[in-house]
Amino acid sequence: MSAASLSGRRILVSAGPTYEDIDPVRFLGNRSSGKMGFAIAAAAARRGAQVLLVAGPVSLPTPEGVERIDVRSAAEMHRAVMDALPVDVYIGAAAVADFTPAQVVGDKIKKRPGEEGLVLELVRTRDILAEVASHARRPSLVIGFAAETSHVEEYARGKLERKKLDLICANRVGVPGSGFECDDNTLLVYGAGFEQVLGPASKAELADALLDLVAAR
Ligand code: CTP
Ligand code: CA
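Residues numbered from 1 in each chain as written. Chains lettered and ligands numbered in written order. Predicted model: local features only at pLDDT ≥ 70, side-chain atom pairs only at ≥ 80, totals over all residues. Heavy atoms only, no water.

> Before we go on, may I ask you to explain the overall build of the protein in this structure?
Per the secondary structure count, the protein includes five helices and 12 strands. Taken over C-alpha atoms, the radius of gyration comes to 18 Å for the protein, in line with the 17 Å a tight globule of 217 residues would show. In terms of overall dimensions, the protein has a C-alpha envelope of 70 × 35 × 35 Å along the principal axes. For the protein, buried positions account for 46% of its 217 residues. Put simply, of all contacts in the protein between residues at least 6 apart along the chain, 61% involve residues at least 24 apart. (Helix = DSSP H or I, 4+ residues; strand = E, 2+ residues; numbered from the N terminus. Rg over C-alpha atoms; globule rule 2.2 N^0.38 Å. Buried < 20%, exposed > 50% of the residue type's maximum accessible area, 1.4 Å probe, protein only. Contact = heavy atoms within 4.5 Å.)

Have a look at this one:
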C-alpha cells in the first residue's frame, strides 16, 4: 500500500528544544533531539506536502524538500510559528521551554566571594500550541505532543482538551528505551473518542503512521 498523499497541503512542524539565555554564555535547555519533528517534516515532504519546519537548536540536516527556519528561544519559536499561519496542519513536536529567565543579563554572571547560592527568576513562556489552536486562522488540524513521566493518558488528555487540539501524541519519557535521545519509540495518540498506539517503531516509521492519521482526517 502506498502512503496517502498530502499533495498541496501546507504543513507546519515545530521541532527540537528551545534555549533560554541566562547570560551571554549560559542557557536553560532540554534534552529534545528534534528527531521526531524532523522525521515528520521529512515524511510529509515525501507525500507531496509543502512543509515549513521551525527548528530549535539541533544538529540535524534539513530533510529534502523542506523549508526550514532556525530559532533559538521559545519567544523566537512563537514568532516564527505565528508568522507562518495560515497553514492546513500544525504539528507541535518541539520541546518548548515552559519558563525563561525574567531578565537576560548582558554580562556574564560572576560569583561573588561568600555567595553560596544563586536564585534565578523565571517567567512563563507563551503556549505556542494553545495559541495556534485558538487562533482566528486556526489550521484544520492541530496536533500536539506530550512528554510525560507518569499518568500518561490522563495528562495527555488534559492537554488535548485544555489546548483544544485535534490529536495529542504522548510518549513516556524518563524510562530507558523511549522518548528523548532515542531512535525507537512508542506514541500513544489520543483524540476525542479516539485512541491508537503507534509503534514501538523507529521515528521515521512513527512519522509515517502519524501522517496516515493526518491524511485520514
Ligand atoms: N508547547 C508549546 N508552547 C509551550 C509549551 C508547550 O507549544 N510554551 C507544546 C509542545 O510543543 C507540545 C505540547 O505543548 O506539543 C505539550 O507540551 P508539554 O511540555 O508536554 O506540556 P505543557 O503544556 O507544557 O505542560 P507540562 O510541561 O506542565 O506537563
Ligand atoms: Ca512543558
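> How should the site of ligand 1 be read in this particular structure?
Looking at ligand 1, there are 16 residues lining it, with G92, A94, F145, K159 and K163 nearest. Within the side chain of D98, a nitrogen or oxygen atom sits 3.0 Å from an oxygen atom of ligand 1. F145 has a polar backbone atom sitting 2.9 Å from an oxygen atom of ligand 1. When ligand 1 sits alone it has 570 Å² of accessible area, and the protein chains cover 76% of it. (Near = heavy atom within 4 Å. Polar contact = N/O pair within 3.5 Å; in protein donor to acceptor, adjacent residues only side chain to side chain. Areas by Shrake-Rupley, 256 points an atom, 1.4 Å probe, with all protein chains shown as cover.)

> Just to check I follow, could you spell out unusual backbone geometry for this structure?
Across residues other than glycine, the phi torsion is negative in most instances, and most of the peptide bonds are trans. Each neighbour pair has its own omega, and for L85 with P86 the value is 5 degrees, a cis peptide bond. Residue position: P86 is located in the loop between α2 (74–84) and β6 (89–92). At the junction of G199 and P200, the peptide bond is cis and its omega measures out at 5 degrees in the coordinates. Relative to the helices and strands, P200 resides in strand β12 (residues 194–202). Of note in this structure, H151 is not a glycine but carries a positive phi near 45 degrees. The exposure class of H151 is partly exposed, given its relative accessible area of 48%.

> Would you take a moment to explain helix α1 (residues 35–46) for this structure?
Side chains that are three or four residues apart share a direction in an α-helix, a result of its 3.6 residues per turn. Along its 12 residues, α1 runs 16 Å from first to last C-alpha, staying within 8% of the 16 Å computed at 1.5 Å per residue. Among the 12 residues of α1, 10 are classified as buried, and the element is accordingly described as predominantly covered. Residues M36, G37, F38, A39, I40, A41, A42, A43, A44 and A45 constitute the buried set of α1. (Expected span 1.5 Å × (residues − 1).)

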